[in-house]
Amino acid sequence: MADSLPTEFDVVIIGTGLPESILAAACSRSGQRVLHLDSRSYYGGNWASFSFSGLLSWLKEYQQNSDIADESTASWQGLIHETEEAITLRKKDETIQHIEVFCYASQDMDDNIEETDALQKNPSLIISSTTTKPLDSACLSEETHSLYATGHELPAKDTPKSDREISLEVTDVEDTLAKEKYCGDKTCIHTVSDGDKDENKPVEEDNTDQPKRNKITYSQIVKKSRRFNIDLVSKLLYSQGLLIDLLIKSNVSRYAEFKNVTRILAFREGKVEQVPCSRADVFNSKELTMVEKRILMKFLTFCLDYEQHPDQYQAFVQCSFSEYLQTKKLTPNLQHFVLHSIAMTESSCSTIDGLKATKNFLRCLGRFGNTPFLFPLYGQGEIPQCFCRMCAVFGGIYCLRHKVQCLVVDKESGRCKAIIDHLGQRINAKYFIVEDSYLSEETCSNVQYKQISRAVLITDQSILKADSDQQISILVVPPPESGTCAVRVTELCSSTMTCMKDTYLVHLTCSSSKTAREDLESVVKKLFTPFTETEIDKEELTKPRLLWALYFNMRDSSGISRSSYNGLPSNVYVCSGPDCGLGNEHAVKQAETLFQEIFPSEEFCPPPPNPEDIIFDGDDKQPEAPGTSNIIMAKLDSSEGSKNLESPGKHLQN
């Protein structure tokens, strides 16, 4: 498809993250000719989701990306005219740093005994030292690519489609397993023949006195790789948030399904407990006294329309929200709940910001469930793909693994005229939208980026046991000392289609002050016990066992003003990567703002037309790309239908 790309478009978009995908859908829906490119082999950029083996290959790609020298530019300079100049784009993605992987799960009984013993003695393995270059000390073997190719890669010619749209009763297609061997402080992942595919064999209990747990081995995790959908960025959808409203308005929600977050948790005095959300929860709670329940209900009622009572907060505008709560006769227990589990803000945030966050939480209650949050089945990476589908339905063209070498700028007007891709093809357009990570160091030399610390864990049970093991929980762990950030913890069960049965996928997120491991490891130790730890006291038995962990830092390019970039043409617009917030408000606001700048007279993502109301000129065929849209739509309908049969989630409706 790349060899026969048209040379004229209205909009060229580089990068398939959430804001770029929303913009692509909006532009295509408004009748613009859209070309959507990504140099990666998958959709979503840093918003993507991976199977477990896909994640291993993503790590491998970063290692190769950091080791490979700049590729030779295939004589694109000859395509630049005398009246033009070129702005080169970055060849390597440098948004992820300080990657460290730890494997605690044991091997199968018939695996190499020496290797298992080594794992018991030293459960931690470090893929990268904490240097500024990603994966400097990793040595991932090339054989792991076979694990990735079957589970994640999408051909560039394919319609944007989730690789998770497969039968839930998938047989194990991988004939190899990734086993980790230890090479000093490096990690070598090798593949060996899968000698035993019987995953239903009985497992041994470590100790008859311990609570009964299923023993999960690393080999089982690799065999069930496709059951995992691991997000690079951890976010939830506010039920009254901008993204939910956009999904419903544009009818893009028909491409995805969602589950309610079932619990809001709090971490206080070393214990995890459930936070009452609704009025019924408050009065049924055993954690609160009757007096506390009445005080809490009175305060939450005030927060719902706090703007109508300025006399109750105006004197505290200059104070922190934490200080304001102390003046409202709230007990320390209630202050903790409101600050960290309802407002979910830092102690230092202003009173106004705290009240806004509390009101937003309360107004989202009850729309789709007992908590304010929804989670998309198969992970956050589904959402960008949903908008890519909408773009494709309305005629957008997609190419993955398609690198752009430079932007071509007219010297006289200062506007960008075209791009030149890695094949040396010159493609003209009126407007260009570029994801921040593609911009060169020269363009971004004055930009000061923030960082996000991320951890992804696989555990064997929930951080708070309940009658049902299918709980989706969010927890904010307050900072242990002033000056540090609170850590947001999201725990996903297997019914979210993000992890295998009898395991949980846990995401930790905070603003970076150090490396991700240094920022997050203390919280991990508070909540979990390493799987291989043998000397465990009774208190430790109540904690979930940690099977596998990944730490990394991700660049936060949100909040960067356009003026910070050097020499940016007026018709080139920049989209940021994921921010540290819990919701997706920033991405949606950014996409809508840029769309209105480019097309001020067009409606942003209007509802799709009723198919029965469409009248084609002439015959029944569409004038552009005959048959293409119909084929795409047929694929989407069939995949959507199969997903409805498989998934216990629900579609969004007004």
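Residues numbered from 1 in each chain as written. Predicted model: local features only at pLDDT ≥ 70, side-chain atom pairs only at ≥ 80, totals over all residues. Heavy atoms only, no water.

Asker: Help me out: how do you make sense of the sheet that holds strand β13 (residues 373–376) in this one?
Answerer: Two pairing modes exist for strands in a sheet, parallel and antiparallel, and in both the strands are linked by backbone hydrogen bonds. Strand order in the open sheet formed by three strands is β9-β13-β10, with antiparallel pairing between adjacent strands. Sheet topology places β9 (237–238) and β10 (258–260) at the edges, where each strand pairs with a single neighbour. Judged from the three bridges that link them, β10 and β13 form a sheet pairing that is antiparallel. Following the sheet pairing, F258 is matched in β13 by P376. (Pairing = 2+ DSSP bridges. Helix = DSSP H or I, 4+ residues; strand = E, 2+ residues; numbered from the N terminus.)

Asker: Hey, could you run me through the pairing of strand β25 (residues 572–575) in this one?
Answerer: The two faces of a sheet get side chains in turn, since along a regular strand they alternate between them. Burial of β25 is two-sided: the residues V572 and V574 facing one way and the residues Y573 and C575 facing the other way are all buried. Bridge count between strand β18 (residues 431–435) and β25: four bridges; the pairing is parallel. The residue of β25 that forms the bridge with V434 is V574. (Buried < 20%, exposed > 50% of the residue type's maximum accessible area, 1.4 Å probe, protein only.)

Asker: Please clarify how the packing of aromatic side chains should be interpreted in this entry.
Answerer: One pair of aromatic rings is described through two measures. These are the centre distance and the angle between the planes. Enumeration over the complete set of coordinates arrives at 19 aromatic pairs. Taken together, a centroid distance of 6.0 Å and an interplanar angle of 50° make the contact between F52 and F228 tilted. Of this pair, F52 sits in helix α2 (residues 52–67) while F228 sits in the loop between α5 (218–223) and β8 (230–231); the two residues are 176 residues apart in sequence, bridging distant segments of the chain. For the pair F52 and F228, one class covers both residues: buried. On the numbers, 5.6 Å between centres and 55° between planes, the contact of F595 with F599 is tilted. (Phe/Tyr/Trp six-rings, centres within 6.5 Å; stacked < 30°, edge-to-face > 60°.)

Asker: Can you help me understand helix α11 (residues 351–363) in this one?
Answerer: Since there are 3.6 residues in each turn of an α-helix, residues three or four apart along the chain are aligned in direction. For α11, with 13 residues, the first-to-last C-alpha span of 18 Å sits near the 18 Å given by 1.5 Å per residue. All of the buried residues in α11 are T351, G354, L355, A357, T358, F361 and L362. Seen from one end, α11 has its buried residues packed into an arc of 160°, which puts them on one side. In the core, the buried residues of α11 are packed alongside β11 (263–268), α8 (290–304), α9 (321–326), α10 (332–342) and β13. (Expected span 1.5 Å × (residues − 1). Arc of directions from axis to C-beta. Contact = heavy atoms within 4.5 Å.)

Asker: So what exactly am I meant to see when it comes to the nonpolar core here?
Answerer: Inside soluble globular proteins, nonpolar side chains tend to come together where they are buried. By size, the foremost hydrophobic cluster in this structure holds 77 residues, and its most contacted members are F52, W58, F299, F321, F373, W548 and L550. Two domains each provide a minimum of three residues to this core, namely domain 1 (8–92 + 378–447 + 559–598) and domain 2 (218–376 + 449–556). Here F299 is in contact with Y324, L325, K328, L330 and V338, once residues within four sequence places are set aside. (Core = buried A, V, L, I, M, F, W, Y, C linked by side-chain atoms within 4.5 Å. Domains from an automatic or database assignment.)

Asker: Would you explain the pairing of strand β19 (residues 450–459) in this entry?
Answerer: Burial within β19 is extensive, with eight of its ten residues counted as buried. Alignment of β19 against strand β24 (residues 545–556), held across ten bridges, turns out to be antiparallel. Following the sheet pairing, L457 is matched in β24 by A549. Taken together, the eight bridges between β19 and strand β22 (residues 504–511) define a ladder with antiparallel strand orientation. Considered in β22, the bridge of T459 is made with Y504.

Asker: Explanation requested: the sheet that holds strand β16 (residues 416–421) in the structure shown.
Answerer: Pairing within the open sheet is antiparallel, and its four strands lie in the order β4-β15-β16-β17. Looking at the sheet topology across the chains shown, the edges are occupied by β4 (84–88) and β17 (426–428). Strand after strand, the sheet turns through a mean of 30° between neighbouring axes, direction not considered. Two elements, β16 and β17, share three bridges in a ladder whose sense is antiparallel. Note that in β17 the partner of I420 across the bridge is R426. (Axes fitted to C-alpha atoms, helices over the stretch in contact; angles between N-to-C directions.)

Asker: Just checking my understanding: could you explain the side chain of D10 for this structure?
Answerer: Among the structural elements, D10 can be located in the segment before β1 (11–14). Using a relative accessible area of 7% as the deciding quantity, one classes D10 as buried. Each residue touching D10, except ones within four places of it in the same chain, is listed here: G31, Q32, R33, A429, K430 and Y431.

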